[in-house]
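Here are the chains, one letter per residue:
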Amino acid sequence: MTQAAPHYDVCAVGNAIVDVLAPSEPAFLEAQGLTPGSMQLVDEDQSAALYDAMAAGVEASGGSAGNTVAGIGSFGGRAAYIGKVAPDTLGEVFTHDIRAAGVAFDTAPLVDGPGTGRCLINVTADGQRTMCTFLGAANQLGVADIDPALIGDSAIVYLEGYLFDPAPARAAFEAAAAAAHAAGRKVAITLSDTFVVARWRTELLAFIEASADIVLANEGELTALFETDASDAAAHRLAALVEIAAVTRGAEGSVVIAGDQRVVVPAVQGVTVVDTTGAGDQYAAGFLLGLARGLDHAQSGALGSLAAAEVIAHWGPRPMVSLKALAEQNGLTLGA
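What you see is a predicted model, and the numbers here were worked out from it, not measured in a lab. (Residues numbered from 1 in each chain as written. Predicted model: local features only at pLDDT ≥ 70, side-chain atom pairs only at ≥ 80, totals over all residues. Heavy atoms only, no water.)

A. Highlighting unusual backbone geometry. Even without being glycine, D112 reaches a positive phi, approximately 60°. Counting through the fold element by element, D112 comes out in the loop between β6 (103-105) and β7 (117-123). With phi around 50°, E227 is a residue other than glycine that occupies positive phi space. Relative to the assigned elements, E227 resides in the loop between α8 (219-226) and α9 (231-239). (Helix = DSSP H or I, 4+ residues; strand = E, 2+ residues; numbered from the N terminus.)

B. A look at the packing of aromatic side chains. A full pass over the atoms with the stated rule returns 7 aromatic pairs. Here the aromatic rings of F94 and F105 are separated by 5.8 Å at their centres, their planes lie at 75°, and the arrangement is edge-to-face. Of this pair, F94 sits in helix α4 (residues 89-100) while F105 is found in strand β6, placing the two residues 11 residues apart along the sequence. You can call F94 buried: its relative accessible area is 0%. Here Y283 and F287 contribute two aromatic rings whose centre-to-centre distance is 5.8 Å and whose plane-to-plane angle is 15°, an arrangement assigned as stacked. Of this pair, Y283 and F287 both sit in helix α10 (residues 279-292), separated by 4 residues, roughly a single helical turn. Three or more aromatic residues joined by ring pairs make a cluster, and in this case those are Y81, F94 and F105. (Phe/Tyr/Trp six-rings, centres within 6.5 Å; stacked < 30°, edge-to-face > 60°. Buried < 20%, exposed > 50% of the residue type's maximum accessible area, 1.4 Å probe, protein only.)

C. Spatial organisation of the state of the cysteines. In the structure shown here, the tally under the stated rule is 0 disulfides. Summary of cysteine pairing: C119 is not part of a disulfide, and the nearest cysteine sulfur, belonging to C132, is at 7.6 Å. (Disulfide = S-S within 2.5 Å.)

D. Molecular detail of helix α11 (residues 297-312). Helix length check: α11, at 16 residues, gives a terminal C-alpha distance of 22 Å against a target of 22 Å (1.5 Å per residue), a fit within 8%. Here α11 lies mainly inside the structure; 13 of its 16 residues are buried. Structurally, the start of α11 carries an N-cap: the backbone nitrogen of A298 is 3.2 Å from a side-chain oxygen of D296. (Expected span 1.5 Å × (residues − 1). Polar contact = N/O pair within 3.5 Å; in protein donor to acceptor, adjacent residues only side chain to side chain.)

E. Representation of the sheet that holds strand β1 (residues 8-13). Reading across from one edge, β6-β5-β1-β9-β10-β11-β12-β13-β14 is the order of the 9 strands in this open sheet, with mixed pairing throughout. Here the strands that pair on one side only, and so sit at the sheet edges, are β6 and β14 (261-265). When the angles between neighbouring strand axes are averaged without regard to direction, this sheet yields 20°. In this structure, strand β11 (residues 214-218) lies alongside strand β12 (residues 244-248), joined through 5 bridges in parallel fashion. Along β12, the bridge assignment pairs N218 with T248. Sheet contacts for helix α7 (residues 194-211): β9 (154-160), β10 (186-190) and β11; angle to β10, the most-contacted strand, approximately 160°. Sheet strands in contact with α8 are β11 and β12, and its direction is about 110° off that of β11. (Pairing = 2+ DSSP bridges. Axes fitted to C-alpha atoms, helices over the stretch in contact; angles between N-to-C directions. Contact = heavy atoms within 4.5 Å.)

F. Quick look at the side chain of E310. By secondary structure assignment, the location of E310 is in helix α11. Lacking a salt bridge, the buried E310 has R318 as its closest oppositely charged neighbour, with an N-O distance of 11 Å. With near-sequence residues (within four places) excluded, E310 lies in contact with R318, P319, M320, V321, L323 and L326. (Lys, Arg positive; Asp, Glu negative; His and termini not counted. Salt bridge = Lys/Arg side-chain N within 4 Å of Asp/Glu carboxyl O.)

G. The arrangement of the pattern of salt bridges in detail. One pass over the structure, following the stated rule, counts 7 salt bridges. Here K84 ties to D145 by a salt bridge, and the two come within 2.9 Å at their closest N and O atoms. Of this pair, K84 sits in the loop between β5 (79-82) and α4 while D145 sits in the loop between β8 (129-134) and α5 (148-152), placing them 61 residues apart in sequence. For the pair K84 and D145, one class covers both residues: buried. Of the charged contacts, one joins K186 and E243 as a salt bridge, the two residues approaching to 2.8 Å between their closest N and O atoms. With a gap of 57 residues between them, K186 in strand β10 and E243 in the loop between α9 and β12 connect regions that are remote in the sequence. The class of E243 is partly exposed, set by a relative accessible area of 40%.

Right, dumping it as structure tokens:
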């Protein structure tokens, strides 16, 4: 029997988070005891104290996988999202924003629990972001929230590595991967953060080997996964475990390895970096959309580079212009 064509290009499962971004100085990070460039989990009281201490900034619906599907929507792709918010003001903002981006989002909100999650992001002058996340409702995502029919109707299910932190969400993560493979679809995962990798290295490696088809990571995450300083060697070790390994390298672009094929994808040149929040998320948007639509690795990587370049040129983790129009202006194909 011929498998039905999926309706969605990508269905992402992630932490539904509202981002609070503010400019910061290194001295502020030091005074707050924060490691520059890191992501750490905080409780509600810590989140409130840091929020009060931060400079004035902007609030934007975020969450790593949420940013990615918003990018796919900006490309004109068909995306869906599974994530947990509370029925509060921030939850309403998140829901409105992701639906406005053209993304299907119908996960039932959390009742009688913590509020919608938020990530406090301090951005230094070089564009580096330091994140403190209160997961709130986001880490109450569970197996019951996973819709096998939705995932089965998506070419790729994209799983956010941050979900390895809370146990209920990790179970949902496993259920989503199982549903995708049962439907003959592909499973992609992002490693998300070096600290996530450090906390769950053994479990991540086991999951990747057993369940992942596509892995996206930056060089820091990759070397942490294999406990080595040799990023090229780590990339090839990863590629031996999965069909496709995509490694982002900042200003040097990215490298995509599949079997014995290695494609180097350049970064877009001439971009003034304002804020790197969402760069990896938007790279994933372009790359996964390309794969879902049958583009080759170079074409998919080029879409990823374009989306990453757009988002680092302004504040906030999501595109501010149509990525579809931007791709067309740059002569890039989007597939069917």
